[in-house]
Amino acid sequence: PPDRGTPEMTEEIAPFPDDNRAETAEPPEDFAYSLTFGVGGESRYDSATGQLVKHAADAGGSGAFYPLTEEQRRAVYAAIAQLHIDSYPDRYDPQNGTLGSDPSMTLILSVTADGAVKTVRAEHIALTFTADNEKGQAFLDVGRSIRDMLTETDAWKALPDKEPVD
């Protein structure tokens, strides 16, 4: 079985999530996800807790409670299901090292469904949502769509911007 990076993921699991459920966008009861995003991964959202953080506390940021609507939950599930996230390595560069930037960005997507947990860490990648391959582009597109959904909410807009460092 593929190495999932955590002890509880050492057994073989069914394709994650199954194709039929992806088409109907019917998430399992335990479906949850978290997304860490932005320059240095300073912002994040965890659907299990509803915690939305604009710039991590150590970067002078703040957070809010933001529960997903059922429609949002289904839409995110459908987008993640199309990725076949179990086919991605635990550490992933969607740009295959072909692009670089300073500053760089981070996208960490962690998904729980049907008792399985899978995390894909794309850290220190170019600050762009462009990849030179279809699989990388799909990962970036899903990350961007979830990020955009979150950053367009009133909860996000109400959070203060990070204070500039003198």
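Below or above, wherever it landed, is the structure these notes cover. What you see is a predicted model, and the numbers here were worked out from it, not measured in a lab. Counting restarts for each chain: residues are numbered from 1 in the order of the written sequence. The model is predicted, so local features are restricted to residues of pLDDT at least 70 and side-chain atom pairs to those at 80 or more, both for listing and for counting; the totals for chains, interfaces and linings are taken over all residues. As a convention, hydrogens and water are excluded, and side-chain values are obtained from all of the structure's heavy atoms.

This part covers the sheet that holds strand E5 (residues 105-113). The criterion for strand pairing is that DSSP finds at least two bridges linking the strands in question. The numbering of helices and of strands both runs from the N terminus, where a helix is a DSSP run of H or I of at least 4 residues and a strand a run of E of at least 2. Sheet architecture is open: 6 strands sit in the order E4-E3-E2-E1-E5-E6, paired in antiparallel fashion. Either end of the sheet is taken by a strand with one partner, and the two such strands are strand E4 (62-65) and strand E6 (116-125). Each neighbouring strand pair of the sheet contributes to a mean axis angle of 10°, computed without reference to strand direction. Both strand E1 (residues 32-39) and strand E2 (residues 43-46) contribute to a ladder of 4 bridges, which runs antiparallel. Counterpart to Leu-35 in the pairing with E2 is Tyr-45. The strands that helix H3 (residues 134-151) touches are E1, E2, strand E3 (51-54), E5 and E6; relative to E1, the one it contacts most, it runs at about 90°. Interaxial angle, 0 to 180 degrees, is taken between N-to-C directions of lines fitted to C-alpha atoms, where a helix line uses only the stretch in contact. The contact criterion used is simple: two residues touch if any of their non-hydrogen atoms lie within 4.5 Å.

This part covers the pattern of salt bridges. Just to be clear on terms, a salt bridge is a Lys or Arg side-chain nitrogen sitting within 4 Å of an Asp or Glu carboxyl oxygen. Considering all chains together, one arrives at 9 salt bridges under this definition. The closest approach of N and O atoms between Asp-161 and Lys-54, which form a salt bridge, is 2.9 Å. Residue Asp-161 is found in the segment after helix H4 (154-158), and its partner Lys-54 is found in strand E3; the two are separated by 107 residues along the sequence. Exposure classes here rest on a 1.4 Å probe applied to the protein chains alone. A residue is buried below 20% of its type maximum, exposed above 50%, and partly exposed in between. Given a relative accessible area of 55%, Asp-161 falls into the exposed group. Arg-73 is paired through a salt bridge with Glu-70; the nearest N and O atoms lie 3.6 Å apart. On the criterion of helical spacing, the pair formed by Arg-73 and Glu-70 is a turn pair, its members being 3 residues apart in helix H2 (residues 70-83). We classify Glu-70 as partly exposed; its relative accessible area is 40%. A network of salt bridges, in which partner residues are shared, links Glu-26, Glu-70, Arg-73 and Arg-74.

Moving on: the packing of aromatic side chains. Where two aromatic rings form a pair, the distance of their centres and the angle of their planes describe that pair. Each pair of aromatic rings taken from Phe, Tyr and Trp, with Trp reduced to its six-membered ring, is defined by centres within 6.5 Å and is described as stacked if the planes are under 30 degrees apart, edge-to-face if over 60, and tilted in the remaining cases. Counting across every chain of the model gives 8 aromatic pairs. Ring centres 5.0 Å apart and planes at 90° place the aromatic pair Tyr-88 and Tyr-92 in the edge-to-face group. The same class applies to Tyr-88 and to Tyr-92, which are both buried. Put simply, the rings of Phe-31, Tyr-33, Tyr-45, Tyr-66 and Tyr-77 pair up and form one aromatic cluster. For a lysine, the NZ atom is tested; for an arginine, the CZ atom; a charge sits over a ring if that atom is within 6 Å of the ring centre and within 35 degrees of the ring normal. Directly above the aromatic system of Tyr-88 lies the positively charged group of Lys-135, at a separation of 4.5 Å from the ring centroid.

Let us look at unusual backbone geometry. Here Asp-114, not a glycine, exhibits a phi torsion of approximately 55°, which is positive. Note that Asp-114 resides in the loop between E5 and E6. Judged by its relative accessible area of 48%, Asp-114 falls in the partly exposed class. Positive phi, normally seen in glycine, also occurs at His-124, with a value near 55°.

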